[in-house]
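Take a look at the letters that make up each chain.
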Amino acid sequence: NAGVTQTPKFRVLKTGQSMTLLCAQDMNHEYMYWYRQDPGMGLRLIHYSVGEGTTAKGEVPDGYNVSRLKKQNFLLGLESAAPSQTSVYFCASRGGKNHIPDTQYFGPGTRLTVL
Amino acid sequence: GQQVMQIPQYQHVQEGEDFTTYCNSSTTLSNIQWYKQRPGGHPVFLIQLVKSGEVKKQKRLTFQFGEAKKNSSLHITATQTTDVGTYFCAGYVSGGSNYKLTFGKGTLLTVNP
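On a predicted model such as this, the values are computed, not experimentally measured, just so you know.

## Some thoughts on the pairing of strand β5 (residues 42-49) of chain A
All names here are of chain A.
Phase 1 of the analysis: Among the 8 residues that make up β5, 8 are buried, leaving the element largely enclosed by the rest of the structure.
Phase 2 of the analysis: Summarising the sheet, strand β4 (residues 31-38) and β5 pair through 7 bridges and their orientation is antiparallel. Along β5, the bridge assignment pairs Trp-34 with His-47.
Phase 3 of the analysis: If you look at the hairpin formed by β5 and strand β6 (residues 56-57), you'll find 6 residues sitting between the two strands, and Gly-53 has a positive phi there, around 85 degrees.

Okay, here's the thing in structure tokens:
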């Protein structure tokens, strides 16, 4: 049981390049989330999904797209990277409100630098 | 929108001193969760509080949920170097969508041995 995994762990992009971050969970969780973490800003929600085939915008969705084609995977895409997207990206999954405790499980993070 | 404020932003203590971080929400929360993030690591769930006035303990850590379910605190007794990290509170809005967890900005605790 690996929990939540993220690939890649590190990436350096040039402005304008595109990339996809992959999040996978093996806990059969319904909900999945993408956050970014910047110094002094805490965790900010980018997009989330409440089930396979569904996605919704979070607090800071601009410049990102997501897809949840399979229940266990949640992809975060940057179509045209900008230096402002330099950050640490965390994926999280959650079983749902009937789970006790109703916690989010975080992946190890992806450190992205955009030059 | 809902805001969760956390103070202080930073706290430096000598090993053995106590530490407290406070969390305040602009709206009533259905529950409050606390996470710890070690330097270079990812947030890890510590505890969830659901009931008004609830108090829970985990060894040297004491968690409280306010009577109005708008505030919470985490108190660490006799800090150790292993307590170093950022502590986040997070909550779901009572009566809200229950999908999005709103995080405070965290309190970074450093401990001088």
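From this point, the discussion proceeds with the structure in view.
## Remarks on the interface of chain B and chain A
Phase 1 of the analysis: Contact with chain B, which involves 18 residues of that partner, is made by 21 residues of chain A.
Phase 2 of the analysis: Summing both sides of the interface, chain B and chain A together bury roughly 1700 Å²; the carbon and sulfur share of this comes to 56%.
Phase 3 of the analysis: The interface formed by chain B and chain A holds 0 salt bridges in total.
Phase 4 of the analysis: On the surface where chain B and chain A come into contact, there are 6 residue pairs in polar contact (both at pLDDT 80 or more).
Phase 5 of the analysis: Broken down by secondary-structure element, the contributors of at least two residues to the side of chain B that touches chain A are β4 (29-37), β5 (44-49) and β9 (85-93) of chain B.
Phase 6 of the analysis: At 3 residues, the largest contribution of residues to the side of chain B that touches chain A is made by β4 of chain B.

## As for the sheet that holds strand β7 (residues 61-65) of chain B
Remark on secondary structure: sheet strands pair via backbone hydrogen bonds, oriented parallel or antiparallel.
Residues and elements named next belong to chain B.
Phase 1 of the analysis: Taken in spatial order, the 5 strands line up as β1-β3-β8-β7-β6 in an open sheet, and their pairing is antiparallel. What marks the edges here is a single partner per strand, and that holds for β1 (4-7) and β6 (55-58). Shown here is a sheet whose adjacent strand axes are inclined to one another by a mean of 15 degrees, direction ignored.
Phase 2 of the analysis: Relative to strand β8 (residues 71-76), strand β3 (residues 19-25) is paired through 6 bridges, and the arrangement is antiparallel.

## Some points on the nonpolar core
Phase 1 of the analysis: In terms of nonpolar packing, the biggest core is built from 19 residues, with Ile-32, Trp-34 and Phe-63 of chain B touching the most fellow members.
Phase 2 of the analysis: Elements with a contribution of two residues or more to this core: β3, β4, β5, β7, β8, β9 and β11 (107-112) of chain B.
Phase 3 of the analysis: Not counting chain neighbours up to four residues away, the residues in contact with Ile-32 of chain B comprise Cys-23, Ile-47, Gln-48, Leu-49, Phe-65, Ser-72, Cys-89 and Ala-90 of chain B.
Phase 4 of the analysis: Membership of the second largest hydrophobic core comes to 18 residues, among which are Leu-13, Ala-81, Leu-112 and Val-114 of chain A.

The rules behind these values
Residues numbered from 1 in each chain as written. Chains lettered and ligands numbered in written order. Predicted model: local features only at pLDDT ≥ 70, side-chain atom pairs only at ≥ 80, totals over all residues. Heavy atoms only, no water. Buried < 20%, exposed > 50% of the residue type's maximum accessible area, 1.4 Å probe, protein only. Helix = DSSP H or I, 4+ residues; strand = E, 2+ residues; numbered from the N terminus. Pairing = 2+ DSSP bridges. Contact = heavy atoms within 4.5 Å. Buried area = accessible area lost by both parts, 1.4 Å probe. Salt bridge = Lys/Arg side-chain N within 4 Å of Asp/Glu carboxyl O. Polar contact = N/O pair within 3.5 Å; in protein donor to acceptor, adjacent residues only side chain to side chain. Axes fitted to C-alpha atoms, helices over the stretch in contact; angles between N-to-C directions. Core = buried A, V, L, I, M, F, W, Y, C linked by side-chain atoms within 4.5 Å.

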